Amino acid sequence: DVPLLVALHRTDEDWGKFNVAIRRIGAYLTACIQSIHSLADILAHAILFSLALNRDHTEQQLRKLSSGKVVSELRKNPIYISLSDGLASMIQHDHFKHLSALANMAKHQSIVFPSLTENWSNPNVPRHFLKFSSFRHDSNTYPEVVANDFLSAEFERCNMLAVETGCELNKALSNMLH
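Attention here is on the structure that accompanies the text.

What counts, and where the lines are drawn
- Residues numbered from 1 in each chain as written.
- Predicted model: local features only at pLDDT ≥ 70, side-chain atom pairs only at ≥ 80, totals over all residues.
- Heavy atoms only, no water.
- Helix = DSSP H or I, 4+ residues; strand = E, 2+ residues; numbered from the N terminus.
- Polar contact = N/O pair within 3.5 Å; in protein donor to acceptor, adjacent residues only side chain to side chain.
- Contact = heavy atoms within 4.5 Å.
- Core = buried A, V, L, I, M, F, W, Y, C linked by side-chain atoms within 4.5 Å.
- Buried < 20%, exposed > 50% of the residue type's maximum accessible area, 1.4 Å probe, protein only.
- Pairing = 2+ DSSP bridges.

### Things to note about the side chain of Lys131
Relative to the helices and strands, Lys131 resides in strand β2 (residues 128-132). Separated by 3.2 Å, the side chains of Lys131 and Glu144 make a polar contact. With residues up to four places along the chain from it excluded, the contact list for Lys131 reads Phe113, Pro114, Ser115, Thr117, Glu144, Val145, Val146 and Ala147.

### Considerations on the nonpolar core
Counting 40 residues, the largest nonpolar core has Leu51, Leu74, Leu83, Met90, Phe132 and Leu151 as its most contacted members. Mapped onto this core, the elements with two or more residues apiece are α2 (12-50), α4 (67-74), α5 (81-91), α6 (94-108) and α7 (147-177). Excluding residues within four positions of it along the chain, Leu83 makes contact with Ile47, Leu51, Leu74, Thr165, Glu168, Leu169 and Ala172.

### Quick word on the sheet that holds strand β1 (residues 114-118)
One open sheet accounts for three strands, arranged β1-β2-β5; its pairing is antiparallel. Strand pairing shows two members of the sheet lacking a second neighbour, β1 and β5 (145-146), which therefore form its edges. Pairing geometry for β2 and β5, over two bridges, is antiparallel. Bridging across to β5, Lys131 finds its partner in Val146.

### So, the environment of Met160
Locating Met160 in the fold gives a position in helix α7. With a relative accessible area of 43%, Met160 lands in the partly exposed category. Met160 sits 20 residues away from Asn140 along the chain, and the two C-alpha atoms are 27 Å apart.

Here it is, written out as structure tokens:
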């Protein structure tokens, strides 16, 4: 067992291979971030079209419609409050805002590349793990997070809310038929 820095700096070729690997990991993590981020927009559009609320919008308006705007639209009708609450719970959570900032940074500025961290002091945690450094986006500062912990927890949270909100949508559609 040698520290990662020693192993990486043995040759220029080793360092080059590491840089290629960490860039690939960054790309995979960015794809994961964007996939989780897209859940809210997909759910919002599924709700909007299922309830035929899209009829009130032009094609151009629909292209610009965000999940936040769908929440606002749903809140106009009391029978859709449970749907708006489910979607709002997803997108208004601090972790989703952090995830959105990571996704939007990657789309519009630069990927927040992960760093590989090595821990030799605590045998109860993995020796190597990936972190996203703290960053600023739209005048907000987001803290450093451990990539796997952050993405796993946020996927689980969003997935659960998507299923629950989907069940609420099914109830709303069933009630419309009766």
